[in-house]
Amino acid sequence: MSYAGRMYFRMFSPGLMVLGVGAIAATAMKAVQQMPGDLGILSLYSNLPGWIVAGSVTAAVGWVAVQAVRVKLWDRGAIASCYVCGCLLSTPRASRRGLGMTRHCLGCRKVHGVNHRLAPVVVPLAVAVTTVTDAATAPVRRVRSSP
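As a starting point, this report considers the structure included with it. (Residues numbered from 1 in each chain as written. Predicted model: local features only at pLDDT ≥ 70, side-chain atom pairs only at ≥ 80, totals over all residues. Heavy atoms only, no water.)

**A word on the packing of aromatic side chains**
Applicable threshold: Two aromatic rings, drawn from Phe, Tyr or Trp (for Trp, its six-membered ring), form a pair once their centres lie within 6.5 Å of each other, and the interplanar angle then sorts them: stacked below 30 degrees, edge-to-face above 60, tilted otherwise. Labels follow the DSSP assignment, with helices taken as runs of H or I lasting at least four residues and strands as runs of E lasting at least two, numbered in each case from the N terminus.
One pass over the full model with this rule turns up one aromatic pair. Ring plane angle 25° and centroid distance 6.5 Å describe the contact between Tyr-8 and Phe-12, whose orientation is recorded as stacked. Taken together, the residues Tyr-8 and Phe-12, both in helix H1 (residues 3–33) and four residues apart, mark about one turn of the helix.

Now the structure itself:
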């Protein structure tokens, strides 16, 4: 499975799990209605299994819609991506032992730190600009040397 396939699986599988749990809960409620006793009689005329299925379908469709919007934004380049594989990054979470916030890649599961602040524009280094004739005779300066 490729990294992109893993990313899609990790994003959309919780929606399928919600749908599966809702179907199992509705089946269990339908089975309880057939049982004799107080619980079976109380739930006999209830539409609870149908409401459970409707709720799980609504939750699953909502989850898939949110993830589809995230994939669309990632495809446009509006959301941060992994520098190793290019997949989408998960939401920021607190790291262990108080080391700050990290984001995991949804494809390769590499950890990316989010504690640093990136400048919105590239700031050029402050180096001395000289003329072309001066540049030929001037000694070569290192960028890291102090002015």
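From this point, the narrative continues.
**So, the environment of Phe-9**
Threshold: Each residue's exposure class comes from its accessible area (1.4 Å probe, protein chains only) as a fraction of the maximum for that residue type: buried when under 20%, exposed when over 50%, partly exposed otherwise.
With respect to the helices and strands, Phe-9 occurs in helix H1. When its relative accessible area of 54% is taken as the criterion, Phe-9 is described as exposed.

**With respect to the side chain of His-112**
We apply this condition: Contacts are residue-level and defined by heavy atoms, with any inter-residue pair within 4.5 Å sufficient.
Among the structural elements, His-112 can be located in strand E3 (residues 111–113). The exposure class of His-112 is buried, given its relative accessible area of 8%. Ignoring sequence-local partners within four residues, the contact set of His-112 consists of Cys-82, Tyr-83, Leu-89, Met-101, Thr-102, Arg-103 and Cys-105.

**Brief notes about the environment of Cys-82**
Among the secondary structure elements, Cys-82 is positioned in the loop between helix H3 (48–76) and strand E1 (93–94). Residues Cys-82 and Lys-110, 28 residues apart in the sequence, show an inter-C-alpha distance of 8.1 Å. Ignoring anything within four residues of it in the chain, the contact list for Cys-82 reads Cys-87, Leu-89, Cys-105, Cys-108 and His-112.

**Some points on a nonpolar patch on the surface**
What counts here: Residues with no salt bridge and a relative accessible area higher than 30% make up the patches, which join like charges within 9 Å and nonpolar side chains (Val, Leu, Ile, Met, Phe, Trp, Tyr) within 5 Å. Only the protein chains shown count as cover for residues, with accessible areas throughout obtained via the Shrake-Rupley method and a probe of 1.4 Å. Basic side-chain nitrogens of Lys or Arg form a salt bridge, by our definition, when they fall within 4 Å of a carboxyl oxygen of Asp or Glu.
Taken together, the side chains of Leu-16, Leu-19, Val-53, Val-57 and Val-61 present a nonpolar region at the surface, about 410 Å² in accessible area. Counting only elements with at least two residues in the nonpolar patch, the list comes to H1 and H3. Of all the elements, H3 adds the most residues to the nonpolar patch, at three residues. Positionally, Leu-16 belongs in helix H1.

**Re H1**
Using the following cut-off: The length a helix should cover is 1.5 Å for every residue beyond the first. By definition, a residue's bend is the angle between the axes fitted to the seven residues ending there and the seven starting there.
Taking 1.5 Å of rise per residue, the 31 residues of H1 would be expected to cover 45 Å, and the 45 Å separating its terminal C-alpha atoms lies within 8% of that figure. At Phe-12, H1 shows its maximal bend, which comes to roughly 35°, and the proline Pro-14 appears one to four places after that position. Taken as a whole, H1 has its buried residues at Met-7, Met-11, Ser-13, Gly-15, Gly-22, Ala-26, Val-32 and Gln-33.

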